[in-house]
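# Structural overview
Below are the chains, spelled out letter by letter.
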Amino acid sequence: MVSRVIPVDPFDLVIFGGTGDLARRKIIPGLFRRFCSGQMPPEAQIIGAARSEMTDAEFRIFTAEAIAEFGGSAVVEDGMLDAFLDRVGYVVIDAKGEGGWKELSARVRDNLVHAFYFSVAPSLFGDLAERLHEHGLAGDEARIVVEKPFGKDLESARALNAVLEKHFDEHQIYRIDHYLGKETVQNLMAVRFGNVLFEPLWNAQYVDHIQITVAETVGVGGRGSYYDQSGAMRDMVQNHLMQLLCLIAMEPPAKFEPDAVRDEKLKVIRALEPVEPHHIVRGQYAATDTASGYRQDVENLRSFTESFMALKVHISNWRWAGTPFYLRTGKKLKARTSEIVVVFKDAPHSIFGVDAGRHRNVLAIRLQPNEGMTLDVTIKEPGPGGMRLVDVPLDMSFAEALGPDAEQATEAYERLIMDVIRGNQTLFMRGDEVEAAWAWTDPIIEGWIRRSDVPKTYDPGGAGPEDALVLMHRDGRRWRELKA
Ligand code: NAD
């Protein structure tokens, strides 16, 4: 299968925080891959802008090293790297002062798309927006890209929105949730709205429950001090898991267009019921003989921040009344996996009698690793001995089905950056969406603070605290096993 690459128009992309970790690991290597694929035109220009003293030549060396380390294994034609580096420059800039701004304005070319990637701490967003405006760089051709975390509660998210909206219209603001750039996440929409098969069954009448899991095997790593201020609820649930929930639960938009899709997602968030305290499980991974626990990792032995979270959530609307959504995410779990599992109800009547047992259709959509889908269907167990039933998966690995193109699928960041250049906001969060998500999250967090809730410890390498299993068992259900 040959993929079609449609080049974007020439652009200037300024990466504020161009010498930072995110730029090095994701943004720069992603841009290089798009350049090699022919999507990024040769006339494009990338300008790193950060506080570190560097020349253009030094930033090109930094860029080449980032590509060597994080660029992936794709075979690159001779001369591609040099051609890419020719498009790269650097300006020393201070977001909080005047240094570097005149030089930046001189380098940004007129009559082109200008994208400004704010790959810096959110405390600098206001300063950057202000300086861009002062230096005439906030015109209609300008787009700004902002990273998560977008606030830590409703109040701070509103303040951030206000700061950005002072100089930029909503159609110029691209709030990244890189989960939305994943191939399979978009496939969720293709599966739901491109097939006649699923949509008629996609409701409380036929769906027993839905599970959304984002599990990691790693601990907090070097992000300890940030993570301890945030926790799984703010770091994962409020954004990534809620976005997945929205795509699974939303009504079909009239068109695959930014506001049509985002209006439907917003309706889902607004229909979320407050969560009962006994439907919330928080956990912290424990130390083992050989490895430190969460509290040692964040260097806060009295920390009550959660590294695991499980929730039972209800959506108050006609489609989903009575169908629970179980969400879980955590660190140091048994497998690194992101999966959405739609468990359908039993057939209304079994003509095979009770001895045939209970059988259910289960649609599992794997986001990582091995992106793909399985659909468990019930068939007769082969061989003699009467009508014995067995569930077997119809397994579709995208890499197997679609060939090498799927394996080299565009990574989330590069897809999203190209969407910024194209001016397509479908896969970005709108301001009201982010605020609605915090409006739902805040009372949950306030509730556990009020109750002085202490997270349950769990053994690394497992499925989280026992209480998370109980959350499902109480309802006569169980989590799908965590498998890599
Ligand atoms: P980092 O600390 O590695 O880099 C910060 C960058 O900001 C550096 O280039 C630094 O020179 C620049 N900077 C700092 N103060 C400045 C100032 N006053 N003026 C101009 N430049 C200044 O941070 P990072 O990990 O690259 O993260 C950047 C942003 O992306 C943060 O908001 C972070 O929360 C978010 N983010 C990062 C990751 C990741 O994987 N690193 C993932 C998701 C979100």
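Residues numbered from 1 in each chain as written. Predicted model: local features only at pLDDT ≥ 70, side-chain atom pairs only at ≥ 80, totals over all residues. Heavy atoms only, no water.

### Points about the site of the ligand
Counted only if it meets this: Near is defined per residue: the residue qualifies when any heavy atom it owns lies within 4 Å of the molecule or strand. Polar contact is defined as a pair of N or O atoms within 3.5 Å, subject to the rule that within protein one atom must be able to donate a hydrogen and the other to accept it, and that residues adjacent in sequence are counted only when both atoms are side-chain atoms. Only the protein chains shown count as covering a residue, and every accessible area follows the Shrake-Rupley method with a 1.4 Å probe.
The ligand sits among 20 residues. The nearest are Thr19, Asp21, Leu22, Arg25 and Val120. Between the ligand and Ala95, the relevant distance is 2.8 Å, taken from a nitrogen atom to a main-chain nitrogen or oxygen of the residue. The separation between an oxygen atom of the ligand and a polar main-chain atom of Val120 is 2.8 Å. Contact with the protein chains hides 74% of the accessible area of the ligand, taken as 830 Å² for the molecule alone.

### Quick notes on the pairing of strand 1 (residues 11-16)
Keep this limit in mind: Summary of the burial criterion: residues with accessible area below 20% of their type's maximum are buried, those above 50% are exposed, and those between are partly exposed, where the area comes from a 1.4 Å probe applied to protein chains only. Secondary structure is summarised from DSSP: a helix means a run of H or I of at least four residues, a strand means a run of E of at least two, and numbering begins at the N terminus for each. The rule for pairing is simple: two strands pair if DSSP sees at least two bridges between them. With the strands aimed away from the viewer, a crossover counts as right-handed if its path from the first strand over the helix to the second runs clockwise.
Summarising burial for strand 1: six of the six residues are buried, a large majority. Side-chain alternation along strand 1 places Phe11, Leu13 and Ile15 on one buried face and Asp12, Val14 and Phe16 on a second face that is also buried. Pairing between strand 1 and strand 2 (residues 45-50): five bridges, direction parallel. Each residue of the ladder has a partner; that of Val14, found in strand 2, is Ile47. Each parallel crossover has a hand, and for strand 1 linked through helix 1 (residues 21-37) to strand 2 it is right-handed.

### Topic: helix 9 (residues 258-270)
Filter applied, for reference: An expected span of 1.5 Å times one less than the residue number is assigned to each helix.
For helix 9, built from 13 residues, the straight-helix expectation of 18 Å at 1.5 Å per residue is met to within 8% by its first-to-last C-alpha distance of 18 Å. Those residues of helix 9 that sit buried are Val261, Arg262, Glu264, Lys265, Leu266, Val268 and Ile269.

### Structural notes on the side chain of Glu199
Note the following rule: Note on contacts: a residue pair is in contact if any heavy atoms of the two residues lie within 4.5 Å.
Mapped onto the elements, Glu199 comes out in the loop between helix 7 (183-194) and strand 7 (207-215). Owing to a relative accessible area of 18%, Glu199 belongs among the buried residues under this scheme. Here the side chain of Glu199 touches Arg319 through a polar contact of 2.9 Å, side chain to side chain. When near neighbours in sequence (up to four residues on either side) are disregarded, Glu199 contacts Arg192, Phe193, Pro252 and Arg319.

### Some points on a negative patch on the surface
We apply this condition: Residues enter patches when their relative accessible area tops 30% and they take part in no salt bridge; the joining distance is 9 Å for like charges and 5 Å for the nonpolar side chains Val, Leu, Ile, Met, Phe, Trp and Tyr. In the sections that follow, a salt bridge refers to a side-chain nitrogen of Lys or Arg positioned within 4 Å of a carboxyl oxygen of Asp or Glu. Charged residues are defined narrowly, with Lys and Arg counted positive, Asp and Glu counted negative, and His plus the chain ends left uncounted. Here the site of a charge means atom NZ of a Lys, CZ of an Arg, CG of an Asp or CD of a Glu.
Together, Asp110, Asp140, Glu141 and Asp169 make up a region of like negative charge exposed at the surface. Positionally, Glu141 belongs in the loop between helix 5 (125-134) and strand 5 (142-146).

### Comments concerning the pattern of salt bridges
Two side chains that carry opposite charge are able to pair once their charged atoms sit near each other. Across all of its chains, the model carries 41 salt bridges by this definition. One salt bridge in this structure joins Asp56 and Arg107, with 3.1 Å as the shortest N-O distance. In this pair, Asp56 sits in helix 2 (residues 56-70) while Arg107 sits in helix 4 (residues 101-107), placing the two residues 51 residues apart along the sequence. Note on Asp56: relative accessible area 22%, which makes it partly exposed. In this structure, a network of salt bridges that share partners links the residues Asp208, Lys312, Asp346, Arg358, Arg360, Asp475 and Arg477.

### Brief notes about the sheet that holds strand 8 (residues 280-285)
To keep it simple, the criterion reads: Helix axes are fitted to C-alpha atoms over the stretch in contact, other axes to C-alpha atoms as well, and angles between N-to-C directions run from 0 to 180 degrees.
Taken in spatial order, the nine strands line up as 14-13-12-11-7-10-9-8-15 in an open sheet, and their pairing is mixed. Both edges of this open sheet fall to strand 14 (389-397) and strand 15 (456-458), since each of them pairs with a single strand only. Ignoring strand direction, the axes of neighbouring strands in this sheet form an average angle of 20°. As judged from the five bridges shared by strand 12 (residues 362-368) and strand 13 (residues 372-380), these two strands associate in the antiparallel manner. Paired with Leu363 across the bridge in strand 13 is Leu375.

### Topic: the environment of Asp376
Within the secondary structure, Asp376 sits in strand 13. On a C-alpha basis, the gap between Asp376 and Ala129 in space is 50 Å, while along the polypeptide they are 247 residues apart. Once residues within four sequence positions are removed from consideration, Asp376 is found in contact with Arg360, Asn361, Val362, Val392, Pro393 and Arg480.

### Some points on the domain arrangement of the protein chain
What counts is decided by this rule: Reported domain spans reflect what an automatic or database domain assignment gives. Here the buried area means the combined drop in accessible surface, using a 1.4 Å probe, for two parts upon being joined, counting both sides.
If you check the domain split of the protein chain, you get domain 1 (11-147) and domain 2 (180-421 + 430-473). Inter-centroid distance (C-alpha atoms) of domain 1 to domain 2 is 34 Å. Residue-level contacts link 16 residues of domain 1 with eight residues of domain 2. Summing both sides of the interface, domain 1 and domain 2 together bury roughly 1200 Å²; the carbon and sulfur share of this comes to 68%. Of all residues in domain 1, Lys26, Arg33 and Arg34 bury the most surface against domain 2, accounting for 36% of the area lost on that side. At the boundary of domain 1 with domain 2, the tally comes to three salt bridges.

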